[in-house]
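Structural features, examined
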Amino acid sequence: MIGPIDPAKFETLVEISALINSNYGNATSLLTQILESATKLTEGEASSLVLRDPETDILRFEIALGPKGSEVKNFTLKSGEGIAGWVALHGQSLIVNDVEADARHFDNIGKSIGFPAHSILAVPMRVRDVTVGVIEIINKKNQKYFTQNDLQWLEIFAVQAAIAVENARYLEKARDEIHYLRDQVQAGRGWHSLIAESPAIKEKLELIDRVARTDSSVLILGESGVGKELFAEQIHLKSERRDGAFVRVNCAALPEGLLESELFGHVKGAFTDAVQSRKGRFELADGGTIFLDEIGDFPLKLQAKLLRVLQQRSFERVGSSDPITVNVRIVAATNRNIESLVEKGEFRSDLYYRLNVLPILVPPLRQRKEDIAALAEFFLKRFSREMNKRFDGFADAAMELMLSYSWPGNVRELENAVERAVVIAKGSRIGPQDLLLGSMTGHTDEYGGKSLKDALVTFKRHFIRKALEENRWNQTETSKVLDIQRTYLSRLVKELSIANPKE
Ligand SMILES: Nc1ncnc2c1ncn2[C@@H]1O[C@H](COP(=O)(O)OP(=O)(O)OP(=O)(O)O)[C@@H](O)[C@H]1O
Ligand SMILES: [Mg+2]
């Protein structure tokens, strides 16, 4: 196919192949070398390598060599525009030795940079059957014409360049993935084991089994620390999407502008720091599940865009008007009262109704005391292993204390209490004093912290609990005995986190 084998040309090709296999890091320098060699071998005065953006179909001058190269790089071509555009659109090579006479020629660029083209050699860069770009050589030196032989050589260079581009894109994708995985690992977030002993939680897990099989959006509600994130994980793990990504987004952690580009991505140049276009979390979650945590804090201004994703699974990257469609399951969670946010106008009601198709309420720990012992043992095992300590479980008094405590911070508070206990405990079992729950009895430093305020709080908690116990937890009767208003007692019970152990 190629004319007489020129040893110098062959040598160049071998060199480029070697470069491609050793230079994954810097695609631009690799492509520049390929283009330089191709220009030299075809005796061109100038050349460019244009890449087609697969999303917008626009051709961008990635590399431009020759006297006006740096100016050429400011231009873009639409699909089909100019000779390069024609080659990209048709996937066919072209030799045009009388450019002015060719209707396909787009002379804007040559005119505005003052470097007119007389002859052009252009070949497509293909990855499998897709044209990813075009290599163009401009003006054969010494007024000569480009030949069929030049074209065949250039096609070989184009194959090499396409491989380099594909490698670079692959690498970029891998980088994105590494970035994402690192996030997950740094946050200490693999899958969590979910302990479920109480009928209340087992029932929720059965509900999740059924919900997981559908694709509908799920809203997980519940107090802080009850395990909403673990339920979100279960929905993903039990669904058909379990092999896809599970992408977590904390909607309260980022300011509005950053959250928008984090979720939906952006195109190059969309804002000052957008030096490269970037996929958003919705695209990363394609085929999987996105977990929108703290949805109650979702900025009002972005809610319309989110609503559209819920309705149509489509959105635009920041700075672009091309819709992107994804196949994503949406799971959201919040500990806030969304209904009251809707009333205050801070949350769109249409978005709320869309999200609330399948609400799952995770009950607080004080309403499922059957989980406490199992959770405490689970955390004890984990922290003992991490801290290289050994314990023979909890002393009975410690277990009793945990069972009677109201756990306003729910499972997270229990987890923290056990962690602290593992650090400070001296004996072979975890004692009640190790838990630092501030309501233990029979110890010299029974009044918790050092301040008078702390001591008074502890005293009040004891005193009221004792009165409640003596009156079978009947608040009306207890308030009479204590000579206070029933509403005041009820407020104290809440504030001091006093709970009836039998509830
Ligand atoms: N059933 C459970 N089994 C084991 N660990 C649990 C369970 N429930 C919660 N946890 C642990 O408790 C902690 C809090 O859980 P999680 O982060 O899911 O709470 P949350 O409901 O999302 O709270 P917040 O509203 O504050 O974000 C986590 O460390 C989690 O691993
Ligand atoms: Mg959470």
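What this report covers is the structure whose coordinates are included nearby. (Residues numbered from 1 in each chain as written. Chains lettered and ligands numbered in written order. Predicted model: local features only at pLDDT ≥ 70, side-chain atom pairs only at ≥ 80, totals over all residues.)

1. Overview of the sheet that holds strand 6 (residues 130-140)
Adjacent strands of a sheet pair through backbone hydrogen bonds, lying either parallel or antiparallel. Basically, it comes down to this: When DSSP finds two or more bridges between a pair of strands, those strands are recorded as paired. Here a helix means four or more residues in a row that DSSP labels H or I, a strand means two or more in a row labelled E, and each is numbered from the N terminus. C-beta atoms are placed from the backbone for every residue, and two residues are taken to be in contact when these atoms lie within 7 Å. To obtain an axis, a line is fitted to C-alpha atoms, over the contacting stretch when the element is a helix, and the angle between two such axes runs from 0 to 180 degrees between their N-to-C directions.
Here we have six strands laid out as an open sheet, ordered 3-2-1-6-5-4, and antiparallel in their pairing. Both outer strands of the open sheet, strand 3 (76-77) and strand 4 (94-96), are each paired with one neighbouring strand and no more. In this structure, strand 5 (residues 120-127) lies alongside strand 6, joined through eight bridges in antiparallel fashion. Along strand 6, the bridge assignment pairs Leu 121 with Ile 137. Those strands touched by helix 2 (residues 27-41) are strand 1 (44-52), strand 2 (59-65) and strand 6, and its axis lies near 65° from that of strand 2. Along the sheet, helix 4 (residues 82-90) contacts strand 1, strand 2, strand 3, strand 4, strand 5 and strand 6; its crossing angle with strand 5, the most-contacted strand, is approximately 35°.

2. Here's the deal with the pairing of strand 5
The cut-off we apply is this: Here the C-beta atoms are placed from the backbone, and a residue counts as buried if at least 20 other C-beta atoms lie within 10 Å of its own, exposed if 12 or fewer do, and partly exposed otherwise.
Most of strand 5 sits out of view: six of its eight residues are buried. As defined by bridge partners, strand 4 adjoins strand 5 across three bridges and the pair is classed as antiparallel. Looking across to strand 5, one finds that Ile 95 is bridged to Leu 121. Counting the residues in the hairpin turn of strand 5 and strand 6 gives two residues, including Arg 128, whose phi is positive at 50°.

3. With respect to the environment of Thr 289
Its location among the elements puts Thr 289 in strand 9 (residues 289-293). Residue classification places Thr 289 among the buried positions, given that 25 C-beta atoms sit within 10 Å. Separated by 50 residues in the primary sequence, Thr 289 and Ser 239 have C-alpha atoms spaced 9.4 Å apart. In contact with Thr 289, other than residues within four places in its own chain, are Ile 235, His 236, Ser 239, Arg 241, Phe 246, Arg 329 and Val 331.

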